[in-house]
Amino acid sequence: MSYLQVVWGLDEVRLLNPPEEALPDHLLETLFSCDEPATVQLDCIVSFETGSVSTLLLRQWTCVPGDPETRTQKLRLPDWLVYQADGIVPDSPWVLSCILRASVRHSGSDDSEGSIAAQDVATLQPKPFFSRPVKQHRLCIAWSTQMLQLTHQFLKKQCLLEQETVHLLSSIYASTGENFGITKSLESYRNEVLEYLRVKAVTFPWCMFSIWIFVTKYCQELMCGILHHIDSHNNYATPTVFLTDSGQLHIQMNGDSGKSSAFVSPFKVPLSEWCRLGVALHGRTVSVSMVCTDKEQRTVRFTEHTWGHNVVLDDTEGYFVIGGGKYIPGVEGYFGPVVYYRNRISPHSQSEAAVPDVIKKVNLTGWLQTCQGFRLEMNMKISGYSLKAKRRTESDTCFDAFHQWMVKQRLPSDPQCEQWEAADPHRKLAAKLVKLLAFKYGGRAVRLAAVGRALYSLSLHKLVRGSSSGVVSRIFPVLLQAGCLADNRALHMSSVLYSTGLGVQKQPVKAWLLTLLAAQNDDRLALLHLGHLHHLGLHGVPADPDLAYAYYANIAKQTTVDRENPTPQQTFVEAVYLNNEGVLNLQTNEDHHIFQWLKLQARRGTAEAEQAIARMLFWGQQGVSPNIQEAARHYRRGAVHLEDPVSMYDYGIILLQGQGVEKDIPKAISFLRKAMDQGFVPAINALAWYYEHFKQDYKQAVQLWEQADLLECPEAAFNLGVMYSQGLYPGKAASQYMAYKYYLKSAQRGHIRGATLLANIWTTGMPGFVSRRPSDAVLWVKWAAEHNGYLGSILRKALDSYLKNDMFSSLLYYMMAAELGYAPAQFNVAYLCEQNMVGFLDPVFASHCMWRYYNLTIQSQDPDTYAVIRMGDLLYDGYDDRQKDLFSAAQMYALAALRKNPQGWYNLGLLAEEGYRLPLSILIDLSLSELYLADNSLLLSALYKRCRDSEDADSYLPCSLALFHVYLQSFQKDYGAAIKVSVMC
């Protein structure tokens, strides 16, 4: 007897080739079998950032008992999971995970998890939104959908806004060791997932800071700032990285209890080496690494510390500061790129820090090493020549026989030069100066700085005497040697020559290097130069308003101090344009007929003449050299003999401060009261300052300041702001916001210190009251910085040279000021290059110079209309092998016309006469849009009428003639048409 045995298949299902990512139309192979009729189901289980989970049914098919089968089919995942949202494909919450599940379910069972007889799962990695493909739809997209695709909902998705790696500094910052630094703030992520992860990590940070630093000197105080974080309550937050006076790193973190903890690194940061500091936070543990590069050597240091509490880091609260800030001075040296990895730790090994390209390009260490060799050579020559000079001095003195014998034994009788006296050909001049100074001072020690000053003075003398760009290349090495010996003036002038290409090859990177060196020594002009470079992003230097602010704020503060302590090296900043004959004719000096005439009028009792003379002498205005003592005598004459309120106020101020006269407070108050009684508003402010500063009578001081403030006195508004800030306002609590409002008012009235403090608030913000406004902050400190008397001195030298017809010296000095971003100097450089009197410049250089500096001038806040017109002419002519750009030329002429320059209206008329149709956008700006399609004669009439009717009397005749020409042409046209009609009739 035989038996038939039937073996049914087991319940089984397997995904044979699941994709690793969520892909469209993947061919999926599924192996399945069952021991009784069942259903095979393919699902996609998706979890979202919101915490919800969705199970999506993808496929179902029948399974009959038997041998295992394999089924191949397209895996059709939802469009929103695999494609970018485009209006047809809907957007979705952020997907955290996606699981593909195949299951065998018996027929007749419910749809619960318990009905599953067998299953297999595979994890699919969701693709980031911008990594997904765009679906090619096989249908016509409705107009409404196309419009939807242009809405903010879809256009807002920009990866650049969500970078997790933040470059807090991508350039090089020269830190002077003062309370100035780079302020940065971060915003919350727009992406919900990234923001969720950031907030979740506030009490368990997983991030890293990478800081490149070059320390030139250890801290003068106990600690100085490298990087610190200030919260909304003006307290130090996580992280705080300081350098100690011994060169170690002080690392400080805030805990969840609000307390701060710190530790000091066991290693020191070396001097004069580029080092990369890495501060990595992973929960309660902080790792600090240091990689230093010196020539070909690499030094690595590492330490780790674990806190006994949770570390709290909310990077969107408050602001970060690189270098010095309100509460701590910065490191003396240079900062390189600073990078913050917000949600991760850099994957690069701590010991594999590659030197950033910007550090390699600037090559600071190369310059310092070259200068070190030069300084050693000069020191050797100083020692040798000082010894020779001392011996010569001693030979003129009586000595005992033994001493004379010792000297004779020590000194060879051969008069030939010793080996140390030999010098390279390009260093012979420096060696001669060292010898000259050594013998001049009789063997006393000669400092390298004195040699540097002498080299600079000699270079400047030769440049001025040469009066052409051809001499620059011969003098330039000597100028660089002076810079090597730390003469900041030589560094600044060398950087200007490199950046402009005047007589030398243009090398912007070397110009940047030399400016960094001078700025790190706190040179005012170099600070102004770097502020300008980073404000506009010139010469390949990245634009960075926060970095520009750090430089401008430094010189702005120095400006307020300099103005309170005038010196002969400072001159009042005057915006003199070389095309303004009226202002040029007012320039004078002590021997000029204008100054002598003013002195005569003053002796005759003219108060205004006495005021003018005193002002010129005190501030060094209009070409008069500063002489504070002489100015004080004229202030006294106007106050005592003429009883002029202005002179009484000025005399009272110098008596109060002891400037040019002996300090006499009672007499000062007497004159200030008399000036106030005559209604001179600044005297009210000065008396209030007296009550606040000397009497501590805050009530009386505030009453006077409020009175002066109502009369729009800028100093009064500033002082009221200080009273609010320091909590000295009687009957009112301290209020930084009220102080801010008064600072704003004083700045708008032209107060320099008010502008500086206003900018200081805008660069950090005031939580709950004032948002950060870094771009506006830069404009205010730039304005304040451009009042510095050392800039005024450069401008005065330039103008004096021009008035003496020394065009090359005038150009050189104006270039020094123009490279600082000072608009009137930029205009004057362009004007000198355009005129090129007596051909002192190469024509090609003059052409490029004119184009560049007129172009820079029109980008200033208040450009001179002559520059705007000339820029329009250059664009119209296609100057210097450039193509004609009539549209841009028309824009320039329109800008000049709107600024009430009749030449702008006239040139627009010429363009229209030549057949160029003025664009509608320009006509709208000119309020002439109704003439866009009108007859050309109507447009020409309107343009020339506005030219004729301007306030400039000189334009009346040429504009009237042009208008008459338009009328004549119109008449001829109409008359010709009338004749034709009559002939036809």
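Residues numbered from 1 in each chain as written. Predicted model: local features only at pLDDT ≥ 70, side-chain atom pairs only at ≥ 80, totals over all residues. Heavy atoms only, no water.

Going by what an unreviewed UniProt entry lists, the chain is known as Protein sel-1 homolog 3-like and is assigned to Acanthochromis polyacanthus.

1. Some remarks on the domain arrangement of the chain
Applied cut-off: An automatic or database domain assignment is the source of the domain bounds shown.
What the domain assignment lists for the chain is domain 1 (12-131), domain 2 (165-353), domain 3 (363-391 + 425-521), domain 4 (566-674) and domain 5 (872-984). For domain 2 versus domain 5, the separation of C-alpha centres amounts to 61 Å.

2. Describing the packing of helix H33 (residues 902-913) against helix H35 (residues 936-948)
Basically, it comes down to this: Every angle, taken between N-to-C directions, lies between 0 and 180 degrees, and every axis is a line fitted to C-alpha atoms, over only the stretch in contact when it is a helix. Secondary structure elements follow DSSP: runs of H or I of four or more residues count as helices, runs of E of two or more count as strands, with numbering from the N terminus. In what follows, roughly perpendicular refers to angles from 65 to 115 degrees, roughly parallel to angles under 35, roughly antiparallel to angles over 145, and oblique to any angle outside these ranges. Two helices cross in a left-handed way if the nearer one is turned anticlockwise from the farther one by less than a right angle. They cross in a right-handed way if the turn is clockwise. Any pair of residues with heavy atoms lying within 4.5 Å of one another is described as a contacting pair. Put simply, Ala, Val, Leu, Ile, Met, Phe, Trp, Tyr, Cys and Pro go in the nonpolar bin, Asp, Glu, Lys and Arg in the charged bin, and everything else, Gly too, in the polar bin.
Relative orientation of the contacting elements H33 and H35 amounts to 160 degrees, with a least axis distance of 8 Å. Overall, the two elements H33 and H35 adopt an arrangement that is roughly antiparallel. Crossing geometry of H33 relative to H35 is assigned as left-handed. Only Asn936, Leu939, Leu940, Leu943, Tyr944, Arg946 and Cys947 of H35 make contact with H33, whose side of the interface consists of Pro902, Trp905, Tyr906, Leu908, Gly909, Leu910, Ala912 and Glu913. Per-class residue counts for the contact of H33 with H35 are eleven nonpolar, two polar and two charged.

3. Regarding the nonpolar core
We count it as follows: As used in this record, nonpolar core signifies buried Ala, Val, Leu, Ile, Met, Phe, Trp, Tyr and Cys residues forming a set joined through side-chain atoms within 4.5 Å. To sort residues, take the accessible area from a 1.4 Å probe on protein chains only and compare it with the maximum for the residue type: under 20% means buried, over 50% means exposed, and anything in between is partly exposed.
Within the largest apolar cluster, 260 residues are counted, with the highest numbers of intra-cluster contacts made by Ile226 and Leu249. With ten residues, the single largest contributor to this core is helix H28 (residues 807-818). Leu249 has contacts with Ile226, Val241, Phe242, Leu243, Phe263, Val264, Ser265, Phe267, Val269, Leu277 and Val288, leaving out every residue within four places of it along the chain.

4. Quick look at the packing of aromatic side chains
To keep it simple, the criterion reads: Two rings from Phe, Tyr or Trp (for Trp, the six-membered ring) form a pair when their centres are within 6.5 Å of each other. A pair whose planes differ by under 30 degrees is stacked, one over 60 is edge-to-face, and the rest are tilted. Here, over-ring charges are defined by two tests on the NZ atom of lysine or the CZ atom of arginine: distance to the ring centre within 6 Å, and angle to the ring normal within 35 degrees.
The tally for this structure, following the rule as stated, stands at 31 aromatic pairs. Seen from their ring centres, Phe209 and Phe320 are 6.0 Å apart, and the 50 degrees between their planes marks the pair as tilted. Of the two residues, Phe209 is situated in strand S11 (residues 206-217) and Phe320 in strand S19 (residues 319-323); the sequence distance between them amounts to 111 residues. For the pair Phe209 and Phe320, a shared accessibility class is recorded, and that class is buried. Three or more aromatic residues joined by ring pairs form one cluster here, namely Tyr577, Phe827, Tyr831, Tyr854 and Tyr866. Taking the ring centre of Tyr189 as reference, the NZ or CZ of Arg342 above it sits at 4.4 Å. Above the plane of the ring of Tyr932 lies Arg917, whose end atom (NZ or CZ) is 5.3 Å from the centre.

5. Quick look at the pattern of salt bridges
Heads up, the condition is: The rule for a salt bridge is simple: a side-chain nitrogen of Lys or Arg has to be within 4 Å of a carboxyl oxygen of Asp or Glu.
Inspection of the entire model under this criterion finds 29 salt bridges. Note that Asp544 is salt-bridged to Lys184, the shortest N-O span being 3.0 Å. Separated by 360 residues along the polypeptide, Asp544 in the loop between helix H13 (524-536) and helix H14 (545-564) and Lys184 in strand S10 (residues 181-184) bring together distant segments of the chain. Judged by its relative accessible area of 10%, Asp544 falls in the buried class. The network of salt bridges with common partners includes Glu195, Arg198, Asp314, Asp315 and Arg342.

6. Some thoughts on the environment of Pro824
Structurally, Pro824 is set in helix H29 (residues 823-835). Residue class for Pro824 comes out buried when judged on its relative accessible area of 9%. Along the chain, Pro824 and Arg604 lie 220 residues apart, while their C-alpha atoms are 37 Å from each other. In contact with Pro824, not counting residues within four places along its chain, are Ala575 and Tyr577.

7. Examining the sheet that holds strand S13 (residues 236-244)
Threshold: Strands are treated as partners if at least two bridges between them are detected by DSSP.
As summarised here, the arrangement of the six strands in space is S10-S19-S12-S13-S14-S15, forming an open sheet in which the pairing is antiparallel. The sheet is open, and its two borders are formed by S10 and strand S15 (260-268), each paired with just one other strand. Mean inter-strand twist for the sheet, computed between neighbouring axes without regard to direction, equals 15 degrees. Across four bridges, the pairing between S10 and S19 is antiparallel. Residue pairing across strands places Gly181 opposite Gly323, the latter belonging to S19.

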